Amino acid sequence: MRRPRPARRRYAVGLVTALLVTLCAPATAVSASAVRAASPRTSAASASGRHQVVTWGASADRQGEAPRDRSYRAVVRTSVGGTGTRVRLSNAFGDRPVTFDSVYAGRRKEGAQLVGGSNRALTFGGAGSVTVAAGESVVSDPLSGRLADGSDLVVSYHVLSTGGPSTGHGMAMQTSYATAGNHTAEESAASWTDRTGSWYYLDAVSVETDRDTGAVVALGDSITDGWQSSTDTDRRWPDYLARRLRSASGTGVKGVANEGISGNKVLADGAGQSALNRLQRDVLSQPGVRTVLLFEGINDIKAHSGVTVADLIAGYREIIERSHAAGTCVVGATVLPFKGWSEYDPEGEAVRQGVNAFIRTSGEFDGVADFDRMLRSPYDQEKLLPVFDGGDRLHPNDKGMQAMADAVDLKSLRCDR
């Protein structure tokens, strides 16, 4: 759902131990296609019985006009820890090439300030600069050293030449930073005076870990994106799920990637590309993905566009089929009640009930997370329980986010295909 105001490579919280020692980078730039050619899927990591797993993700979308000569300092929270950290930079919605001429990664101390000595240069095909064509993305070379689970990783990058639309994630629920000129190597916060509630260009971080460790990707809308949760506190429901997984024994699922977009729909583009259209880029392309947790449908229902139960079931089935073909499982989450929201009507409620019946009883999903049953009021099951309501009758608050994460059966995420 849309927020009330603007603001098959398989890649999702605690204290940081050590991080990152990197290769020296030559000054020459390479293209993203050259990086891909130099990074075959069959690598030393796979030969050693280890692989890359996504530890953080944010779905890409079209943002505003991209300024020139701009640096960004993105703050992200890891889920699974490991070695060989890689970052993915996306130009998926640009209409011209974007050059990143300096990219660094370090540990956050506070705000835009980094832990002294932690900021290290990233390379791409051995070069310190990379140009990414319109519609493409690029993954960095791995950094030596270990990135801890539940740590605040800071990725700083200078965008040398852009113009046209930028690519990023609009509603981060996390303060990051920006500045004019190139200040990426600086660990001080002095130059990073501009605050932003969005992530630009950076859309995934992965680490190398053992073959038994995998990740779950949450595919959703503004509830998954975290609207009405507390900013800068990592209290979206996927964050709570990551904390549960980190402390749980008996499960190899440790990575969590949040691929929610505010206002997103299963069937139609609008607030971001539809779940069907972004499934490959945002979910199945991430490394180490074992399970997709699908929690979408309310925006299709409340849009009054004539979407039926059969329409949404067809969309769910396509996501299940494509995910299974990619070797991942799919857990379906029931759609939350929305009575009291301005777009509520009995017709939409009937569609929601029909969709939830399919999710619960069809057997087509590999597992079910019954968010509706966990958060609905026992006195009026078409409403959120007030203690979980963020105030608009649609989006859960922090307590509701935690209750959703608690409703996930961790054993259902271990499904293997």
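Thresholds applied
Residues numbered from 1 in each chain as written. Predicted model: local features only at pLDDT ≥ 70, side-chain atom pairs only at ≥ 80, totals over all residues. Heavy atoms only, no water. Buried < 20%, exposed > 50% of the residue type's maximum accessible area, 1.4 Å probe, protein only. Helix = DSSP H or I, 4+ residues; strand = E, 2+ residues; numbered from the N terminus. Contact = heavy atoms within 4.5 Å. Polar contact = N/O pair within 3.5 Å; in protein donor to acceptor, adjacent residues only side chain to side chain. Pairing = 2+ DSSP bridges. Axes fitted to C-alpha atoms, helices over the stretch in contact; angles between N-to-C directions. Core = buried A, V, L, I, M, F, W, Y, C linked by side-chain atoms within 4.5 Å. Phe/Tyr/Trp six-rings, centres within 6.5 Å; stacked < 30°, edge-to-face > 60°. Parallel < 35°, antiparallel > 145°, perpendicular 65-115°, else oblique. Left-handed = near helix turned anticlockwise from the far one by under 90°. Nonpolar A, V, L, I, M, F, W, Y, C, P; charged D, E, K, R; others polar.

Asker: With reference to specific residues and values, describe helix α10 (residues 398–406).
Answerer: Those residues of α10 lying buried are D398, G400, M401, A403, M404 and A405. Buried residues along α10 sit against α3 (222–225), α4 (237–247), β20 (289–295) and α9 (371–375). Where α10 begins, the capping side chain belongs to N397, and its oxygen is found 3.1 Å from the backbone nitrogen of K399.

Asker: Report on the sheet that holds strand β18 (residues 214–220), specifying residues and quantitative values.
Answerer: What links the strands of a sheet is backbone hydrogen bonding, and the strands pair in either a parallel or an antiparallel sense. The parallel open sheet is built from five strands, whose spatial order is β19-β18-β20-β21-β22. Lying at the two open borders of the sheet, with one neighbouring strand each, are β19 (253–260) and β22 (367–369). Each strand axis lies, on average, 25° off the axis of its neighbour in the sheet, ignoring direction. Here β18 runs beside β20; their pairing, made up of six bridges, is parallel. What sits directly across from G220, in β20, is F295.

Asker: Tell me about the pairing of strand β5 (residues 82–90), and name the residues and values.
Answerer: With respect to burial, β5 is a largely interior element, seven of its nine residues being buried. Of the pairings in the sheet, the one linking β5 to strand β11 (residues 143–147) comprises three bridges and is antiparallel in character. Each bridged residue has a counterpart across the sheet, and for T85 the counterpart in β11 is L143. The pairing of β5 with strand β10 (residues 137–139) spans three bridges and is classified as antiparallel. From the neighbouring strand, L89 faces β10, where its bridge partner is V138.

Asker: Requested: an account of the nonpolar core, with residues and values cited.
Answerer: In this structure, F100, Y157, Y201, L202 and Y316 are the most contacted members of the largest nonpolar core, which totals 67 residues. Formed by 29 residues, the second largest nonpolar core is a distinct cluster that contains A242, F371, A405 and V408.

Asker: Explain the packing of aromatic side chains to me, using residue names and the numbers behind them.
Answerer: The geometry of an aromatic ring pair is captured by the separation of the ring centres together with the interplanar angle, meaning the angle of the planes. This structure, assessed with the given rule, holds 12 aromatic pairs. Arranged with centres 5.0 Å apart and planes meeting at 85°, the rings of W56 and W199 form a pair that is edge-to-face. Highlighted residues: W56 in strand β2 (residues 50–57) and W199 in strand β16 (residues 199–200), separated in sequence by 143 residues. Here W56 and W199 have matching classes, each one buried. Between F100 and Y201 the ring centres are 5.4 Å apart and the planes differ by 80°, which places this aromatic pair in the edge-to-face class. Pair noted here: F100 is in strand β6 (residues 98–110) and Y201 is in the loop between β16 and β17 (202–210), with a separation of 101 residues, a long-range link. An identical accessibility class is assigned to F100 and Y201; each is buried.

Asker: Report on the pairing of strand β13 (residues 165–169), specifying residues and quantitative values.
Answerer: In the case of a regular strand, side chains alternate between the two sheet surfaces. Most of β13 is tucked away: five of the five residues are buried. Pairing analysis gives three bridges linking strand β3 (residues 61–65) to β13, with the strands arranged antiparallel. Across the sheet, E65 pairs through a bridge with P165, a residue of β13.

Asker: Any chance you could break down the packing of α4 against α10 for me, citing the residues and the numbers?
Answerer: At their nearest, the axes of α4 and α10 sit 8 Å apart, and the two run at 50° to each other. Taken together, the axis directions place α4 and α10 in an arrangement best described as oblique. Note on packing geometry: the crossing formed by α4 with α10 is right-handed. Residue-level contacts link W237, Y240, L241 and R244 of α4 to D398, M401, Q402, M404, A405 and D406 of α10. Each residue belonging to the contact of α4 with α10 can be placed in one class, and the counts come to six nonpolar, one polar and three charged.

Asker: Outline unusual backbone geometry, supporting the account with residue identities and numerical values.
Answerer: The residue D69 is not glycine, and still its phi comes out positive at about 50°. Considering the arrangement of structural elements, one finds D69 in the loop between β3 and β4 (70–77). Judged by its relative accessible area of 38%, D69 is partly exposed. Positive phi is not limited to glycine here, since R393 has a value of about 75°. Mapping R393 onto the fold places it in the loop between α9 and α10. For R393, a relative accessible area of 41% puts it in the partly exposed group.

No statement about biological role is implied by the geometric values presented.
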